[in-house]
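The primary structure of each chain is shown beneath.
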Amino acid sequence: MSGLKKSFYIKARDFNRAGEASISVQNFLKSMNFDPGLIRRIAICGYEGEMNAVMHGGDGALSIEIDSDKLVLEISDDGYGIEDIELAMQAGFSTANDEHREMGFGAGMGLPNMKKNSDQIMVASEKGQGTQVQMIFFLNQGGQID
Amino acid sequence: MQVKDLVEQFDLEVVAGNKGLDRQVKDGYCGDLLSEIMANAPEGSVWLTIQGHQNIVAVAVLREMAAIIIAGGQTPDQETLQKAEQEKIPILLWPHSAYKLAGRLYGLGVGNPQSD
Ligand SMILES: Nc1ncnc2c1ncn2[C@@H]1O[C@H](COP(=O)(O)OP(=O)(O)O)[C@@H](O)[C@H]1O
Ligand SMILES: [Mg+2]
């Protein structure tokens, strides 16, 4: 199996659909019998990335690509972008507004948790140019059951 | 222990997700910050929170939780109930503080390593 890819649409500021892309990926990976621990890590990364697109970004997509040796999770949006990526990656940094905070978002832990739960993370963004976050999960430690 | 056992024991009000009442309760977790819950809540938890908005359901699904208990007399939004119904995640109401219920759940053995 190589290069199998699934993509899911993310709609900016739509809290009604927020999380659906990540749940779809989770169901897909379960149906393929991936290791539960790996699925959990991908669920965390997918959800945080999806919520960032919904809250801070713009319309976008979440995709998962399965290769023989790795899974690649990518969240991209066409929002305002991140001005200072290094700052955004710091635990606790957040530009979330009061409405987001009231709902329990805006802890500034999204990007740090994505980094912690993936094997590699690449964040590409420029002000006004949207944001792409790509995370890699290697399968070489028995990540895949069959 | 199943979710429905907790419902009985603590007289919790089931407002959605009846179809999930036979889910196994393996642990418990308290919190209202979604990133923190996402990162740390154990699988099979009952999640005690005061959040009632619809995004708690996706978090519970993704963390494979047993049920959400909305504490402190907070009321869930209509969208929350619809989503929970769809995803078969029980939403239970507890009128008192999360602290009080957490203590009692722990005493009952939920998430208590001593009782494994
Ligand atoms: N897709 C995005 N588009 C624009 N800004 C973003 C995006 N993702 C993250 N950011 C910026 O990085 C900050 C930190 O993100 P994160 O660590 O997920 O914490 P939080 O979402 O709780 O604010 C956000 O507050 C926001 O300013
Ligand atoms: Mg975030």
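Further up the page is the structure itself.
Residues numbered from 1 in each chain as written. Chains lettered and ligands numbered in written order. Predicted model: local features only at pLDDT ≥ 70, side-chain atom pairs only at ≥ 80, totals over all residues. Heavy atoms only, no water.

Trainee: I keep staring at the overall build of chain B and nothing clicks. Help me out?
Mentor: When helices and strands are tallied, chain B shows five helices and five strands. In sequence order, chain B lays out its α and β elements as α-β-β-α-β-α-β-α-β-α. Computed over the C-alpha atoms, the radius of gyration of chain B is 12 Å, within 12% of the 13 Å expected from 2.2 N^0.38 for a compact globule of 116 residues. For the C-alpha atoms alone, the extent of chain B along its principal axes is close to 40 × 30 × 25 Å. Across chain B, every contact between residues at least 6 apart in sequence was considered, and the portion connecting residues at least 24 apart equals 46%. Of the roughly 5,300 Å² of accessible surface on chain B, 45% is carried by carbon and sulfur atoms. Taking the 9 positively charged and 15 negatively charged side chains of chain B as two groups, their mean positions are separated by 2 Å. (Helix = DSSP H or I, 4+ residues; strand = E, 2+ residues; numbered from the N terminus. Rg over C-alpha atoms; globule rule 2.2 N^0.38 Å. Contact = heavy atoms within 4.5 Å. Areas by Shrake-Rupley, 256 points an atom, 1.4 Å probe, with all protein chains shown as cover. Lys, Arg positive; Asp, Glu negative; His and termini not counted. Charge placed at Lys NZ, Arg CZ, Asp CG, Glu CD.)

Trainee: I would appreciate a short explanation of the site of ligand 1 in the present structure.
Mentor: Residues and elements named next belong to chain A. In the vicinity of ligand 1 lie 18 residues, with H56, D77, S94, T95 and G108 positioned nearest. Between ligand 1 and the protein, one listed contact pairs an oxygen atom with a side-chain N or O atom of N52 at 2.9 Å. A107 has a polar backbone atom sitting 3.2 Å from an oxygen atom of ligand 1. Against a free-state accessible area of 530 Å², the protein chains account for coverage of 95% of ligand 1. Top contributing element to the shell around ligand 1 by residue count: helix α5 (residues 110–117), with three residues. (Near = heavy atom within 4 Å. Polar contact = N/O pair within 3.5 Å; in protein donor to acceptor, adjacent residues only side chain to side chain.)

Trainee: Before we go on, may I ask you to explain the pairing of strand β2 (residues 60–66) of chain A in this structure?
Mentor: Both faces of the sheet carry side chains from a regular strand, because those side chains alternate between them. Residue and element names in this part refer to chain A. The element β2 is largely enclosed, with a buried count of five among its seven residues. One ladder, built from seven bridges, connects β2 with strand β3 (residues 70–77); its direction is antiparallel. By the bridge assignment for β3, E65 is matched with V72. The turn linking β2 back onto β3 is made up of three residues. (Buried < 20%, exposed > 50% of the residue type's maximum accessible area, 1.4 Å probe, protein only. Pairing = 2+ DSSP bridges.)

Trainee: Looking at this structure, I do not really get the interface of chain A and chain B. What am I missing?
Mentor: How big an interface is tends to be reported as the loss of accessible area on association of its parts. Taken together, the contact between chain A and chain B spans 24 residues of the former and 19 residues of the latter. Summed over both sides, the interface of chain A with chain B buries roughly 1,800 Å², with 52% coming from carbon and sulfur. It is A:I23, A:Y47 and A:M103 in chain A that bury the most area against chain B; as a group they hold 27% of the surface buried on that side. Across the chain A-chain B interface, the total number found is two salt bridges. Here B:E64 ties to A:K30 by a salt bridge, and the two come within 3.4 Å at their closest N and O atoms. Going through the elements one at a time, α1 (20–31), α2 (36–55) and α5 of chain A are the ones with two or more residues in the side of chain A that touches chain B. Looking at which element gives the most residues to the side of chain A that touches chain B, the answer is α2(A), with six residues. Residue composition of the side of chain A that touches chain B, by class: 11 nonpolar, seven polar and six charged. (Buried area = accessible area lost by both parts, 1.4 Å probe. Salt bridge = Lys/Arg side-chain N within 4 Å of Asp/Glu carboxyl O. Nonpolar A, V, L, I, M, F, W, Y, C, P; charged D, E, K, R; others polar.)

Trainee: What should I look at first to understand the pairing of strand β5 (residues 131–138) of chain A in this one?
Mentor: Residue and element names in this part refer to chain A. Where β3 lies against β5, eight bridges are found, and the strand directions are antiparallel. When the bridges of β5 are listed, V72 appears paired with I136. As defined by bridge partners, strand β4 (residues 120–125) adjoins β5 across six bridges and the pair is classed as antiparallel. Residue pairing in the sheet places I121 in a bridge with M135 of β5.

Trainee: Would you take a moment to explain helix α3 (residues 55–62) of chain B for this structure?
Mentor: Along an α-helix, residues three or four apart share an orientation, since each turn contains 3.6 residues. By the criterion of burial, α3(B) is predominantly enclosed, with eight of the eight residues buried. Residues B:N55, B:I56, B:V57, B:A58, B:V59, B:A60, B:V61 and B:L62 constitute the buried set of α3(B). At its buried positions, α3(B) is contacted by α1 and α2 of chain A together with α2 (34–40), β3 (45–49), β4 (67–70) and α4 (78–87) of chain B. B:E64 sits one or two positions beyond α3(B) and adopts a positive phi of about 50°.

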